[in-house]
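Chain residues, written in single-letter form:
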Amino acid sequence: YTGNDKLMPSYAKAMEIGFLKSWNDNFFSAELFARNTDGLAQNYYRAFFDNNAIVWTKENVGNSWSVGTEFMTGIDVFSWWNTNISTSLFTYQLKVDVNTGNRTDKRTEKQFRSDSGFNNTFNLGKTTLLKCDITYHSPMISAQLERDAYWYSNMAIRKTFDDKKWEVSLAWSNVFNSKKYNTVSTGDEFLVNT
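Throughout what follows, the structure given in this document is the object of discussion. Just so we're clear, the structure is a prediction, and the values are computed from it rather than from any experiment.

Our focus in this paragraph is the overall build of the protein. Counting its secondary structure elements, the protein contains zero helices and 12 strands. The order of α-helices and β-strands along the protein, N terminus first, is β-β-β-β-β-β-β-β-β-β-β-β. Relative to its length of 194 residues, the protein is extended, with a C-alpha radius of gyration of 22 Å against a globular reference of 16 Å. Taken along the three principal axes of its C-alpha coordinates, the protein extends 65 × 40 × 30 Å. For the protein, restricting intrachain contacts to residue pairs at least 6 apart in sequence, the fraction spanning at least 24 positions comes to 51%. Carbon and sulfur atoms provide 56% of the accessible area of the protein, an area that totals close to 12,700 Å². One way to put it: in the protein the 21 positive side-chain charges average out to a point 4 Å from where the 21 negative ones average out.

See below:
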């Protein structure tokens, strides 16, 4: 890894319009959005020392656009069970423009992406709270990297004592050991598959 004293600031512009409807302790929201980032900074990799080493740094890789929608709802299914569901669906475009040293890397990457979450909170009596969530991330691209889709689930339980003066929490991340994905990084004269 090396620093980059030529790194320039990134500038983002965002436009959003949203709708929110709530009733009792429940709600539903919808949003349309468009986001543009100029001078997007990402990790950038280059082969060095006769391709025996890869050095990475932060680099201004180009401009990106995201246009899409997001939905979220929170509902008390029962008095002891609250669920929250969210999903975002959007198109992503990255116009890469980087001087690699040997040449200028100019190309456009496009992708449809989605991210979703399903969160549940269970009140097990007055002093015990159980939380369970499931999260999904669709495949992702950047200037040099492609990552597979993946999902994972977390759980946590919290117990309070002595009129909520004391609290004990136990958390378990990646419950089903499903947070597994493949990444492929490519550049001039190298390809790394992990």
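Okay, a nonpolar patch on the surface next. On the surface, F19, W23, F28, F71, I75, V77, F78, W80, L89 and F112 cluster together into a nonpolar patch covering about 910 Å² of accessible area. Taken together, the elements giving at least two residues each to the nonpolar patch come down to β1 (11–23) and β3 (53–78). According to the relative accessible area criterion, F71 is partly exposed, its value standing at 32%.

Okay, the environment of D162 next. For D162, the location among the structural elements is in the loop between β9 (150–161) and β10 (166–172). D162 sits 79 residues away from T83 along the chain, and the two C-alpha atoms are 28 Å apart.

If you look at the biggest cluster of nonpolar residues, it comprises 11 residues: F33, L40, Y44, V61, F90, Y92, L94, V96, V98, I141 and A143. When residues of this core are traced back to their parent elements, those giving at least two are β2 (26–48) and β4 (81–99). Of the residues forming this core, the biggest block, five residues, is contributed by β4. Apart from residues no more than four positions distant in its own chain, L40 is found in contact with S10, E59, N60, V61, G62, S64, Y92 and L94.

Turning our eyes to something else, we now look at the sheet that holds β3. Reading across from one edge, β1-β2-β3-β4-β5-β6-β9-β10 is the order of the eight strands in this open sheet, with antiparallel pairing throughout. Every other strand in the sheet has two partners, leaving β1 and β10 as the edge strands with one partner each. Here the strands of the sheet are splayed against their neighbours by 20° on average, with no regard to which way each runs. By the bridge criterion, 10 bridges tie strand β6 (residues 128–137) to β9 in an arrangement that is antiparallel. In the sheet register, D133 faces β9, and the bridge partner there is N154.

Moving on to the side chain of S178. Along the chain, S178 turns up in the loop between β10 and β11 (183–187). Apart from residues lying up to four places away in sequence, S178 is in contact with W151, Y152 and S153.

Our next topic: the pattern of salt bridges. For the coordinates displayed, the defined rule picks out eight salt bridges. With its nearest N and O atoms 3.9 Å apart, the salt bridge here joins R35 to E31. Measuring nitrogen to oxygen at the nearest pair gives 3.4 Å for the salt bridge that ties K106 to D97. The exposure class of K106 is exposed, given its relative accessible area of 58%. A network of salt bridges, in which partner residues are shared, links E16, E31 and R35.

Rules and cut-offs
Residues numbered from 1 in each chain as written. Predicted model: local features only at pLDDT ≥ 70, side-chain atom pairs only at ≥ 80, totals over all residues. Heavy atoms only, no water. Helix = DSSP H or I, 4+ residues; strand = E, 2+ residues; numbered from the N terminus. Rg over C-alpha atoms; globule rule 2.2 N^0.38 Å. Contact = heavy atoms within 4.5 Å. Areas by Shrake-Rupley, 256 points an atom, 1.4 Å probe, with all protein chains shown as cover. Lys, Arg positive; Asp, Glu negative; His and termini not counted. Charge placed at Lys NZ, Arg CZ, Asp CG, Glu CD. Patch = residues over 30% accessible without salt bridge, like charges linked within 9 Å, V, L, I, M, F, W, Y side chains within 5 Å. Salt bridge = Lys/Arg side-chain N within 4 Å of Asp/Glu carboxyl O. Buried < 20%, exposed > 50% of the residue type's maximum accessible area, 1.4 Å probe, protein only. Core = buried A, V, L, I, M, F, W, Y, C linked by side-chain atoms within 4.5 Å. Pairing = 2+ DSSP bridges. Axes fitted to C-alpha atoms, helices over the stretch in contact; angles between N-to-C directions.

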